[in-house]
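Coordinate inspection notes
Listed below are the residues making up each chain.
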Amino acid sequence: MNRRENKDIRNIAIIAHVDHGKTTLVDAMFKQSGLFRQGQKTDDRLMDTMDLEKERGITIAAKNCSIKWKGIKINVIDTPGHSDFGGEVERALSMVDGAILLVDASEGPLPQTRFVLDKALKGGVKVLVVINKIDRQDARPLAVLDEIYSLLIDLDASEEQMDFEVLYAIGRDGIAQETLETPGENIHVLLDKIIEEIPGPMHRKDEPFQMLVSDLSYSDYLGRLAIGKVINGSTDSKNSMMCIQKGGQEVPLKISKLQCYAGLGLQEIDQVQAGEIVVISGIEDVHIGDTICTKEQPKALPRITVDEPTVFMKFTRNSSPLAGTEGKFVQPGKIKDRLEKESLLNVSMQVEESSDKENFIVKGRGEFQMAILIETMRREGFELNVGRPQVIFKYDTDGTRLEPMEHLYVECESTFTGIVTEKLSRRKAKLINMTNHNDGRVQLEFNTPARALIGYRDEFLTDTRGTGIMNSSFAGYDNYKGDFANRYSGSLVSDRAGTAVPYALFNLEPRGNMFITAGNKVYEGMIVGEHNREGDLNVNPTKTKKLSNMRASGKDEAVVLSPILPMTLERALQFIRDDELVEVTPKSIRLRKAALSAHDRKKLEKQNE
């Protein structure tokens, strides 16, 4: 069959680690391609549209846009840099023919760059390398280029993929240049290189219309939207179409609107050509990986495959005494609908319902991905309880237990290597490489069980005085490494309901770190602090000072409480043990025991002995 190239379109993804300047570079491409009129006021980080993305400064969801350069349309897909959002990456890469690998001129290619790049190379896409932030004082662009070559060799890149073009950039200033010696003035050289180096989408001339659904969205006016690349053929909005689902089931559909990307928005079109990324509305029952084709010649494309989830969490309705006082949605049915909607839009997430229909097991790529889902739900008005993130074990043919492993990269000052190595070795991590940069900083590489990293990040930042950098990437499954303690301290647990008072909290401070302040509502079984010792301790945070008509010798001292760290969702998930839950509401994050009554907890302890 003869393959043809559509030379009027380029489909590219931008691959980069978190905070290497990916979204800033896309901003410069927008502004210099003539998308905005002269003097038009625009925001920074235009592609980060979610509130959480703007707050955290990271990309969470892969998003599409397009620019026009010298008469050629360039569809740009901004991919997340964090491996927990790998499902987003796999979907995005199914739509592109080329990728810009963006690397920080000081930090070099980091683990999550490796993760996304590996997916891109296996998909056979052409890579264009941009070394960004060359204006940094500690920039080392030539050494970073050597590291990129080494990375591509490690990932078994083909000879054609190894023969890549390199550009140097200062994304913040909107500058790209071909050599380090010749200063750049704008981003035009990058746009030119995309057109020269990245091939147009290939298609088979004699194949019927086929589109692979790579993403789903929703419009209040148009309903469910199917987003994907037209692999072969062309069609117009009036044609009767067919959706081929998993298992080969065929569902007839009528397109109500056909759109393509124009800048940051969409524009309606009557006809679409092979290679274009389109948005089709008028389909209610569609899933990621389905093929949309003509009714006369239905022919399915290979489905998108994603890596299996490695972490799961238990979601349940909020069963605390304060349930329903702060949120709009507390019913298990509402939680189930919301989780199922998420699993439809996110291919790397799976939801299972328990027999009592009140508990849900949500499987995903990592605790950060789960935390983003929970944070999004609480902002939408949901109340729920969530358990500790746990890894998904597998068993091989002879019954040996296997667990997910991570390749962990740590960079810290040389004075902290001892404490970092000691803490990780306690968690069954194995040191496999150590590089001294001769600038006081050391890079350590570990092979570690994925469960060792759950709850370790905060401890790591404390141990390295906030100066350490920790990144990891999935390294497959290996034999179970044995048990280890996740936490050496117990919990301070309230033994009654009421309102916390300063006098009680002041007297509890010597027992441990408090999580609540005076005036907070408490209930039996709620965790109010971290105990200094191993076991749990039942305490009364509502205890008031007994008043009498006898004056004390000397003056009564005013109670001054120590300030507390606000409880964040990530900190809560990292702190809890297997018998504890996080109560999440739109206004509060509380920690609690799974069994609230002290009597029930004692019974469970005896059963587990």
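Here, the structure is the one placed above.
First, a word on scope: everything that follows refers to the structure included in this document. (Residues numbered from 1 in each chain as written. Predicted model: local features only at pLDDT ≥ 70, side-chain atom pairs only at ≥ 80, totals over all residues. Heavy atoms only, no water.)

This part is about the overall build of the protein. Looking only at helices and strands, the protein features 14 helices and 37 strands. Counting all 609 residues of the protein, 52% fall into the buried class. When contacts within the protein are restricted to residue pairs at least 6 apart in sequence, long-range pairs at least 24 apart make up 72% of them. Accessible surface, the protein: about 28900 Å² in total, of which carbon and sulfur atoms supply 47%. (Helix = DSSP H or I, 4+ residues; strand = E, 2+ residues; numbered from the N terminus. Buried < 20%, exposed > 50% of the residue type's maximum accessible area, 1.4 Å probe, protein only. Contact = heavy atoms within 4.5 Å. Areas by Shrake-Rupley, 256 points an atom, 1.4 Å probe, with all protein chains shown as cover.)

Scanning all chains against the criterion turns up 35 salt bridges. Two residues, Asp478 and Lys481, come together in a salt bridge whose shortest N-O distance is 3.2 Å. For Lys481, a relative accessible area of 33% puts it in the partly exposed group. For Glu580, the salt bridge goes to Lys593, with nearest N and O atoms at 2.9 Å. Taken together, the residues Glu580 in strand β36 (residues 580–584) and Lys593 in strand β37 (residues 589–593) connect sequence positions 13 residues apart. For Glu580, a relative accessible area of 0% corresponds to the buried category. When salt bridges that share partners are traced, they join Asp104, Lys133, Arg136 and Asp138 into one network. (Salt bridge = Lys/Arg side-chain N within 4 Å of Asp/Glu carboxyl O.)

It is worth spelling out the packing of helix α8 (residues 332–345) against helix α9 (residues 367–379) at this point. At a minimum axis distance of 12 Å, the contact between α8 and α9 shows a crossing angle of 130°. On the basis of the axis angle, α8 is oblique to α9. Relative to α9, the crossing made by α8 is right-handed. Facing Ile335, Arg338, Leu339 and Glu342 of α8, the residues of α9 in contact are Leu373, Thr376 and Met377. Considering only residue class, the contact of α8 with α9 consists of 4 nonpolar, 1 polar and 2 charged. (Axes fitted to C-alpha atoms, helices over the stretch in contact; angles between N-to-C directions. Parallel < 35°, antiparallel > 145°, perpendicular 65-115°, else oblique. Left-handed = near helix turned anticlockwise from the far one by under 90°. Nonpolar A, V, L, I, M, F, W, Y, C, P; charged D, E, K, R; others polar.)

Attention now moves to the pairing of strand β30 (residues 491–494). Where burial is concerned, the two faces of β30 agree: the one with Ser491 and Val493 and the one with Leu492 and Ser494 are both buried. By the bridge criterion, 3 bridges tie β30 to strand β34 (residues 526–531) in an arrangement that is antiparallel. Across the sheet, the residue bridging to Leu492 is Gly529, located in β34. In this structure, β30 lies alongside strand β35 (residues 537–539), joined through 3 bridges in parallel fashion. Bridging across to β35, Val493 finds its partner in Asn538. (Pairing = 2+ DSSP bridges.)

Here the focus is the packing of aromatic side chains. This structure, assessed with the given rule, holds 5 aromatic pairs. Taking the centre distance of 5.1 Å and the plane angle of 90° together, the rings of Phe515 and Phe575 count as edge-to-face. One end of the pair, Phe515, is in the loop between β32 (512–514) and β33 (521–522); the other, Phe575, is in helix α13 (residues 569–575), with 60 residues separating them in the sequence. What makes Phe515 buried here is its relative accessible area of 11%. Here Phe575 falls in the buried class, since its relative accessible area comes to 10%. In this structure, Lys394 is placed above the aromatic ring of Tyr477, and the distance from its NZ or CZ to the ring centre is 4.5 Å. The ring of Phe393 has Arg401 sitting right over it, with the charged end atom 4.7 Å from the ring centre. (Phe/Tyr/Trp six-rings, centres within 6.5 Å; stacked < 30°, edge-to-face > 60°. Lys NZ or Arg CZ within 6 Å of the ring centre and 35° of its normal.)

Take the state of the cysteines next. Tallied over the entire structure, the rule returns 0 disulfides. Cysteine Cys243 remains unbridged, with the sulfur of Cys293 as its closest cysteine sulfur at 8.1 Å. For Cys243, a relative accessible area of 0% puts it in the buried group. Its relative accessible area of 0% is what places Cys293 among the buried residues. (Disulfide = S-S within 2.5 Å.)

So, about the pairing of strand β4 (residues 72–78). Counting buried positions along β4 gives 7 out of 7 residues, so the element sits mostly inside the fold. Residues Ile72, Ile74, Val76 and Asp78 line one face of β4 and the alternating positions Lys73, Asn75 and Ile77 line the opposite face, and both faces are buried.

For the rest of this paragraph, the subject is the side chain of Thr310. Within the secondary structure, Thr310 sits in the loop between β19 (291–294) and β20 (311–317). Residue Thr310 is classed as buried on the basis of its relative accessible area of 6%. If near-sequence neighbours (up to four positions away) are discounted, Thr310 is found in contact with Gly364, Arg365, Gln390, Val391, Ile392, Pro404, Phe474 and Tyr477.

Moving on to the side chain of Asn75. Relative to the elements of secondary structure, Asn75 occurs in strand β4. Among the polar contacts made by the side chain of Asn75, one reaches the side chain of Glu276 at a distance of 3.1 Å. Apart from the residues lying within four places of it in its own chain, the contact partners of Asn75 are Ile9, Arg10, Asn11, Ile12, Cys65, Ser66, Tyr261, Glu276 and Ile277. (Polar contact = N/O pair within 3.5 Å; in protein donor to acceptor, adjacent residues only side chain to side chain.)

Quick look at the packing of helix α1 (residues 22–32) against helix α7 (residues 188–197) now. A packed helix pair is summarised by two numbers, namely the angle formed by the two axes and the spacing between the axes. Remark: α1 packs on α7, axes separated minimally by 10 Å, with the N-to-C direction vectors making an angle of 90°. The angle between α1 and α7 places the two elements in the roughly perpendicular class. Between α1 and α7, the contacting residues are Leu25, Met29 and Gln32 on the first element and His188, Leu190, Leu191 and Ile194 on the second. Taken together, the residues that form the contact of α1 with α7 break down as 5 nonpolar, 2 polar and no charged.

Functional significance is not addressed by these values, which are geometric in nature.
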